[in-house]
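Remarks on the overall topology
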Amino acid sequence: VQLQASGGGLVQPGGSLRLSCTASGIWFYINRMGWYRQAPGQQRELVAVATDGGSTNYADSVRGRFTISRDNAKNTVDLQMNSLKPEDTAVYYCNADTVDSRGHMESWGEGTQVTVSS
């Protein structure tokens, strides 16, 4: 399974960015797709996740500002980030939990940098 992410960049506080991730490979289905982030010197943390059934979950720090959306037909997951804050600066990683004949497999994209700064 390969995950290709795009959409990072530099934005001023209060601005918006949209991250996109496309999964490719072979699986029975994709259970969860989501986004994690890792700031310098900190552990990787969950930002938002969407299940194949349509449920979503957000970190408290982004709830109300970020929106995750998933297209099961296209195997994509997007993260719309609004009202960005400097503390949102991090490398954002796309994540997917796919299921095939061997069971569950977790995959990660390479990461895309998001910098919020004036």
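Okay, so let's go over this structure. (Residues numbered from 1 in each chain as written. Predicted model: local features only at pLDDT ≥ 70, side-chain atom pairs only at ≥ 80, totals over all residues. Heavy atoms only, no water.)

1. Regarding the packing of aromatic side chains
For clarity, the cut-off: Here is the rule: rings of Phe, Tyr and Trp (six-membered ring for Trp) pair when centre to centre is within 6.5 Å. Planes less than 30 degrees apart are stacked, more than 60 are edge-to-face, and the remainder are tilted. A run of DSSP states H or I qualifies as a helix once it reaches four residues; a run of E qualifies as a strand once it reaches two. Both are numbered from the N-terminal end. Throughout, exposure labels follow a simple rule: accessible area from a 1.4 Å probe, protein chains only, divided by the maximum for the residue type, with under 20% read as buried, over 50% as exposed, and the rest as partly exposed. Think of it as a cone above the ring: NZ of Lys or CZ of Arg counts as a charge over the ring if it is within 6 Å of the ring centre and within 35 degrees of the ring normal.
As enumerated under the stated definition, the model contains one aromatic pair in all. Judged by centre distance (5.0 Å) and plane angle (70 degrees), the rings of Tyr36 and Trp108 are edge-to-face. Highlighted residues: Tyr36 in strand 4 (residues 29–38) and Trp108 in strand 10 (residues 103–108), separated in sequence by 72 residues. A relative accessible area of 18% places Tyr36 in the buried class. Here the guanidinium or amino end of Arg44 rests over the ring plane of Trp108, the centre of that ring lying 4.6 Å away.

2. Things to note about the state of the cysteines
Spelled out, the test is: Any pair of cysteine sulfurs within 2.5 Å is marked as a disulfide.
Here the structure, examined in full by the defined rule, presents one disulfide. Through a disulfide, Cys21 is tied to Cys94; the S-S separation comes to 2.0 Å. Because the sign of the S-S torsion sets the handedness, a value of about -85 degrees for the bond joining Cys21 and Cys94 places this disulfide among the left-handed ones. With a gap of 73 residues between them, Cys21 in strand 3 (residues 17–24) and Cys94 in strand 9 (residues 90–100) connect regions that are remote in the sequence. One exposure class covers both Cys21 and Cys94, and it is buried.

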